[in-house]
Amino acid sequence: MQAEAREAPRSDAGPAIVQRHPLATQTAAALLARVRAGEWPLGHKLPGETALAAQLAVGRSTVREAIRELAGQGVLESRQGAGVFVIALDVPEPWDVVLGRSSIAAVIETRVAIEAEAAALAAGRRTPSDLRAMRRALERRSVSAGDLAVDVDADMTFHRAVVAAAHNDVLVELFDTFVPRIHRAMVAMLRARPLADPAADHEAHRELVDAIAARTPARAAELSRAHLASLLRALS
């Protein structure tokens, strides 16, 4: 590792240009490489700043800044009085990047995990206001606007109302992250292969609302899973 960067000397040709080598970033990359190589497993405590500084031939302030950088990226965590721990084995990619390269089948499989659980939770936690929101969304999706994008919007609104009724902010956040990718894929799929039986599809959604209203979690989860499984079959 190089020594700490210094300011470039002033020249007669004009104002000085300060060039600082990103030593902390370079140090963070070296630490991340060691995490990726398995030197420090998940949950492992890193050596102290002094030891790391000696190993990497940099100052303690540089190590501290590198740790802050990796903590901001979700790889390390500084725990007051305990030290620095590995909480991820790599820098997580942004969701939009992951979803952008994922197949729609993979996205729907993930929706099953999110929405089936959300439906079960909704059956136990829904309020009268939640039921009204679901039924309004159900009514909206029952009438085609003659525009696939608008119709898919109505469907997404319904499914979000179900997830929201679970009263779990993490599930709602996950669902909202998926919506743009789902929306584009559903419009493309329906243009290529329209639903064989729109009435049956809508009835499946109505049955889901009824199961949530009746507070039957297992039935709600089963119906949600079955609906999304039918989408997967339509893709095959």
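Residues numbered from 1 in each chain as written. Predicted model: local features only at pLDDT ≥ 70, side-chain atom pairs only at ≥ 80, totals over all residues. Heavy atoms only, no water.

Engineer: Explain the overall build of the protein residue by residue, including any values.
Structural biologist: Counting secondary structure elements, the protein contains 10 helices and two strands. Counted from the first residue to the last, the protein has its helices and strands arranged as α-α-α-β-β-α-α-α-α-α-α-α. Out of the 236 residues in the protein, the part that is buried amounts to 35%. Restricting the contact set of the protein to residue pairs at least 6 apart, pairs at least 24 apart contribute 67%. As presented, the protein carries roughly 13200 Å² of accessible surface, and 55% of it is formed by carbon and sulfur atoms. (Helix = DSSP H or I, 4+ residues; strand = E, 2+ residues; numbered from the N terminus. Buried < 20%, exposed > 50% of the residue type's maximum accessible area, 1.4 Å probe, protein only. Contact = heavy atoms within 4.5 Å. Areas by Shrake-Rupley, 256 points an atom, 1.4 Å probe, with all protein chains shown as cover.)

Engineer: Can you break down the pattern of salt bridges residue by residue, with the values?
Structural biologist: Applying the stated criterion across every chain yields a total of 13 salt bridges. One salt bridge in this structure joins arginine 111 and glutamate 115, with 2.4 Å as the shortest N-O distance. Here the residue arginine 111 and the residue glutamate 115 both occupy positions in helix α5 (residues 104-125), the gap between them amounting to four residues, near one helical turn. It is possible to trace a salt-bridge network through shared partners that takes in Glu49, Arg60 and Arg64. (Salt bridge = Lys/Arg side-chain N within 4 Å of Asp/Glu carboxyl O.)

Engineer: Report on the side chain of arginine 111, specifying residues and quantitative values.
Structural biologist: On the basis of relative accessible area, arginine 111 is assigned to the buried category, the value being 2%. When residues no more than four places from it in sequence are discounted, the contact partners of arginine 111 are Ala116, Met156, His159, Ile182, Leu228 and Leu231.

Engineer: I'd like a description of the nonpolar core, backed by residues and values.
Structural biologist: Note that soluble globular proteins tend to have their nonpolar side chains buried in a common cluster. Counting 23 residues, the largest nonpolar core has Val152, Val163, Leu171, Ile182, Met186 and Leu231 as the members making the most contacts within it. Of all the elements in the fold, those that place two or more residues in this core are α5, α7 (148-164), α8 (169-192) and α10 (217-235). For this core, the element with the most residues is α8, which contributes 10 residues. In this view, methionine 186 contacts Val152 and Leu231; residues no more than four positions away in its chain are not counted. Formed by 19 residues, the second largest nonpolar core is a distinct cluster that contains Leu23, Trp40, Leu46 and Leu70. (Core = buried A, V, L, I, M, F, W, Y, C linked by side-chain atoms within 4.5 Å.)

Engineer: How would you summarise the confidence of the model for the protein if you had to cite specific residues and measurements?
Structural biologist: Averaged over every residue, the pLDDT of the protein is 86; the share at 70 or more is 86%. At the low end of the mean pLDDT range in the protein sits helix α4 (residues 95-101), at 65; at the high end sits helix α6 (residues 128-141), at 96. Taken as a whole, residues 2-21 scores under 50 in pLDDT and shows 19 contacts with residues more than four places along the chain or in a different chain. (pLDDT = per-residue confidence, 0-100.)

Engineer: Explain the environment of leucine 131 to me, using residue names and the numbers behind them.
Structural biologist: Here leucine 131 shows up in helix α6. Taking the C-alpha atoms as reference, leucine 131 lies 7.7 Å from valine 209; in sequence the two are 78 residues apart. If we skip the residues at most four places from it in the chain, leucine 131 touches Arg126, Ile212 and Ala213.

Engineer: Lay out the packing of aromatic side chains in plain terms, naming residues and giving numbers.
Structural biologist: Evaluation of the coordinates by the stated rule reveals zero aromatic pairs. In this structure, arginine 79 is placed above the aromatic ring of phenylalanine 85, and the distance from its NZ or CZ to the ring centre is 4.3 Å. (Phe/Tyr/Trp six-rings, centres within 6.5 Å; stacked < 30°, edge-to-face > 60°. Lys NZ or Arg CZ within 6 Å of the ring centre and 35° of its normal.)

Engineer: Describe helix α9 (residues 198-213), naming the residues involved and giving the relevant values.
Structural biologist: Compared with the 22 Å implied by 1.5 Å per residue over 16 residues, the 23 Å span of α9 between its first and last C-alpha is a close match. Restricting attention to buried positions, one finds in α9 the residues Asp201, His205, Leu208, Val209, Ala211 and Ile212. Burial along α9 is one-sided: seen end-on, the buried residues are contained in an arc of 165 degrees. Trailing α9 by a residue or two, arginine 215 shows a phi angle of about 55 degrees, which is positive. (Expected span 1.5 Å × (residues − 1). Arc of directions from axis to C-beta.)

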